[in-house]
Amino acid sequence: MDFNMKKLASDAGIFFTRAVQFTEEKFGQAEKTELDANFENLLARADSTKNWTEKILRQTEVLLQPNPSARVEEFLYEKLDRKVPSRVTNGELLAQYMAEAANELGPTTPYGKTLIKVAEAEKRLGAAERDFIHMASINFLTPLRNFLEGDWKTISKERRLLQNRRLDLDACKARLKKAKAAEAKATLWNDEVDKAEQELRVAQTEFDRQAEVTRLLLEGISSTHVNHLRCLHEFVESQTTYYAQCYRHMLDLQKQLGSSQGAIFPGTFVGTTEPASPPLSSTSPTTTAATMPVGPSVAGLAPPGEAALRLEEVAPPASGTRKARVLYDYEAADSSELALLADELITVYSLPGMDPDWLIGERGNKKGKVPVTYLELLS
């Protein structure tokens, strides 16, 4: 009992001494041991890593789960070490509503059939989104959380210990300074100065040892950056795969709707928007074919209401033909179009009344419509 009381009294005394030293430093009434410039740079780098890791983590969570209530629920489940319940994605919920609407409004009607087709595509999009969220959580979010909840807590603990060792060291320096001043006035015995010097040597040794431990941990931030870099690459790969799957699903749906719309609304054309800019190329062999830009849908050679020209009867004009380099692979939507391969050279020309977004392309004895946005016209 007496030992515990003495220990509590000692701890309280140390805490009070540190508090006094810290307060006097703040008011400029005590000297402070400064860390070297390299150490200060390591501290600043570690703080920046922690702050930006927190921001990137939080915003990635928002990207993967925009619903704040759902994020709070997932956080609570994680803290309680319980499995997060499976949640239907927005795409899957939309697919469910469309399928139910089709069954009630008539699955054999044109509208009902289209609802079913779109519902199937939305369901596949929802499943792809679920896979992306799962992979991003494992390969990206988890390592970031592990750093903040593991390595960073260890670094913070050692930094607090270093701060305490520094306060103790500076308090010892102050006591030695006072002891020497008193000795000069012959008010203290030499043993008081010796005691202060011994305490200072011990404090200096403990401070140096703790500074080295903290320095080693701070230098480990470089390894943290390497690990986060690898996780970032994996996050981009999973995102690339996800968007490639979305592209494939929507392209299939677009073709299905294009073929069915032509039968329902003869003389009209499906999709007149220009293709989006091509996405960045991916080194993943599973996604390369799926990361090509979406091409324009079937467009007629003649204005609506007029009979379409037969390609085999089309002759190139006497003048006006040009060479063009193909920018991206293009898969022909039907027999009236010409399939393209990136970097090949073809001959192109236009015909009166033709959609300006399209040209006639020729390669050897093959010809067909080609989208202008997939070409680089050469002089």
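Model, not experiment: these values are computed from the prediction.

Colleague: Just give me the short version of the overall build of the chain, but keep the residues and values in it.
Modeller: In terms of helices and strands, the chain carries seven helices and five strands. Each helix (α) and strand (β) of the chain, taken in turn from the N terminus, gives the series α-α-α-α-α-α-α-β-β-β-β-β. For the chain, buried positions account for 33% of its 379 residues. A sequence separation of at least 24 residues applies to 69% of the contacts in the chain between residues at least 6 apart. Counting every atom, the chain has about 23800 Å² of accessible surface; 58% of that belongs to carbon and sulfur.

Colleague: Residues and numbers for the confidence of the model for the chain, please.
Modeller: Regions with low pLDDT carry predicted coordinates that are not meant to be interpreted in detail. Scored by pLDDT, the chain has a mean of 81; 75% of the residues are at 70 or more. Per-element mean pLDDT across the chain ranges from 64 in helix H1 (residues 2–26) up to 95 in helix H2 (residues 37–64).

Colleague: Break down the nonpolar core for me, with residues and values.
Modeller: Note that soluble globular proteins tend to have their nonpolar side chains buried in a common cluster. One finds Phe39, Phe132, Phe140 and Leu218 to be the most contacted residues of the largest nonpolar core, which totals 34 residues. Listed by contribution, the elements that provide at least two residues to this core are H2, helix H5 (110–184), helix H6 (190–219) and helix H7 (221–264). Aside from chain neighbours lying at most four places away, what touches Leu218 is Phe39, Leu42, Leu43, Ala46 and Ile155. Core analysis: the second largest hydrophobic core is formed by 16 residues, Leu338, Tyr349, Met354 and Leu359 among them.

Colleague: Before we move on, can you summarise the side chain of Glu122 with the specific residues and values?
Modeller: By the secondary structure assignment, Glu122 is in helix H5. No salt bridge forms around the buried Glu122; measuring N to O, its nearest opposite-charge neighbour Arg124 is 9.6 Å away. Apart from residues no more than four positions distant in its own chain, Glu122 is found in contact with Gly91, Glu92, Leu94, Ala95 and Met98.

Colleague: Summarise the sheet that holds strand S3 (residues 358–363); cite the residues concerned and give the values.
Modeller: As summarised here, the arrangement of the five strands in space is S4-S3-S2-S1-S5, forming an open sheet in which the pairing is antiparallel. What marks the edges here is a single partner per strand, and that holds for strand S4 (366–371) and strand S5 (375–377). The sheet shows a mean angle of 40 degrees between the axes of neighbouring strands, taken without regard to direction. As judged from the six bridges shared by S3 and S4, these two strands associate in the antiparallel manner. Counterpart to Trp358 in the pairing with S4 is Pro371.

Colleague: Give a description of the environment of Val213 that names residues and reports values.
Modeller: Tracing the chain through its elements places Val213 in helix H6. In sequence terms Val213 and Arg159 are 54 residues apart; their C-alpha atoms lie 9.3 Å from each other.

Colleague: Hey, could you go over helix H4 (residues 90–105) for me, with residue numbers and the actual values?
Modeller: Here H4 is 16 residues long and its end C-alpha atoms lie 22 Å apart, about the 22 Å a rise of 1.5 Å per residue gives. Of all the positions in H4, only Gly91, Glu92, Ala95, Met98 and Ala102 are classed as buried. What you see down the axis of H4 is that its buried residues fit within an arc of 120 degrees, all on one side. Residues Asn90 and Glu104 are exposed on H4 and point more than 90 degrees away from its buried face. Positioned one or two residues after H4, Gly106 has a phi angle of 120 degrees, which is positive.

Colleague: Lay out the environment of Ile133 in plain terms, naming residues and giving numbers.
Modeller: Its place among the elements puts Ile133 in helix H5. For the pair Ile133 and Ser238, spaced 105 residues apart in sequence, the C-alpha to C-alpha distance is 8.9 Å.

Colleague: Got a sec to walk through H2? Specific residues and values, please.
Modeller: In a regular helix each residue adds 1.5 Å, so 28 residues correspond to 40 Å; H2 covers 40 Å between its end C-alpha atoms and thus fits that length. Buried residues of H2: Phe39, Leu42, Leu43, Ala46, Thr49, Lys50, Thr53, Leu57, Thr60, Glu61 and Leu64, and no others. Capping of H2 at its N-terminal end is provided by Asp36; its side-chain oxygen lies 3.1 Å from the backbone amide nitrogen of Asn38.

Colleague: Help me get a handle on the pattern of salt bridges, residues and values and all.
Modeller: Summed over the entire model, instances satisfying the criterion amount to 14 salt bridges. One salt bridge connects Arg145 with Glu61, and the closest N-O pair in it is separated by 2.8 Å. Of this pair, Arg145 sits in helix H5 while Glu61 sits in helix H2, placing them 84 residues apart in sequence. The exposure class of Arg145 is buried, given its relative accessible area of 18%. With a relative accessible area of 18%, Glu61 lands in the buried category. One salt bridge in this structure joins Lys367 and Glu362, with 3.5 Å as the shortest N-O distance. The structure contains a network of salt bridges with shared partners spanning Arg58, Glu61 and Arg145.

Colleague: Quick rundown of the packing of aromatic side chains? Include the residues and the values.
Modeller: Here the distance between the centres and the angle between the planes together describe a pair of aromatic rings. Enumeration according to the criterion identifies seven aromatic pairs in this entry. Here Phe132 and Phe235 contribute two aromatic rings whose centre-to-centre distance is 6.2 Å and whose plane-to-plane angle is 35 degrees, an arrangement assigned as tilted. In this pair, Phe132 is assigned in helix H5 and Phe235 in helix H7, connecting sequence segments 103 residues apart. Taken as a pair, Phe132 and Phe235 share a single burial class, namely buried. A ring pair is formed by Phe147 and Trp152, whose centres lie 6.3 Å apart and whose planes are at 50 degrees; its orientation type is tilted. Under the relative-accessibility criterion, Phe147 is labelled buried at 2%. Assessed through its relative accessible area of 10%, Trp152 is described here as buried. Among the aromatic side chains, those forming a connected cluster through ring pairs are Phe132, Phe140, Phe235, Tyr242 and Tyr243. Over the ring of Trp52 we find Lys55, and its NZ or CZ is 4.5 Å from the ring centre.

Thresholds, definitions, all that
- Residues numbered from 1 in each chain as written.
- Predicted model: local features only at pLDDT ≥ 70, side-chain atom pairs only at ≥ 80, totals over all residues.
- Heavy atoms only, no water.
- Helix = DSSP H or I, 4+ residues; strand = E, 2+ residues; numbered from the N terminus.
- Buried < 20%, exposed > 50% of the residue type's maximum accessible area, 1.4 Å probe, protein only.
- Contact = heavy atoms within 4.5 Å.
- Areas by Shrake-Rupley, 256 points an atom, 1.4 Å probe, with all protein chains shown as cover.
- pLDDT = per-residue confidence, 0-100.
- Core = buried A, V, L, I, M, F, W, Y, C linked by side-chain atoms within 4.5 Å.
- Lys, Arg positive; Asp, Glu negative; His and termini not counted.
- Salt bridge = Lys/Arg side-chain N within 4 Å of Asp/Glu carboxyl O.
- Pairing = 2+ DSSP bridges.
- Axes fitted to C-alpha atoms, helices over the stretch in contact; angles between N-to-C directions.
- Expected span 1.5 Å × (residues − 1).
- Arc of directions from axis to C-beta.
- Polar contact = N/O pair within 3.5 Å; in protein donor to acceptor, adjacent residues only side chain to side chain.
- Phe/Tyr/Trp six-rings, centres within 6.5 Å; stacked < 30°, edge-to-face > 60°.
- Lys NZ or Arg CZ within 6 Å of the ring centre and 35° of its normal.

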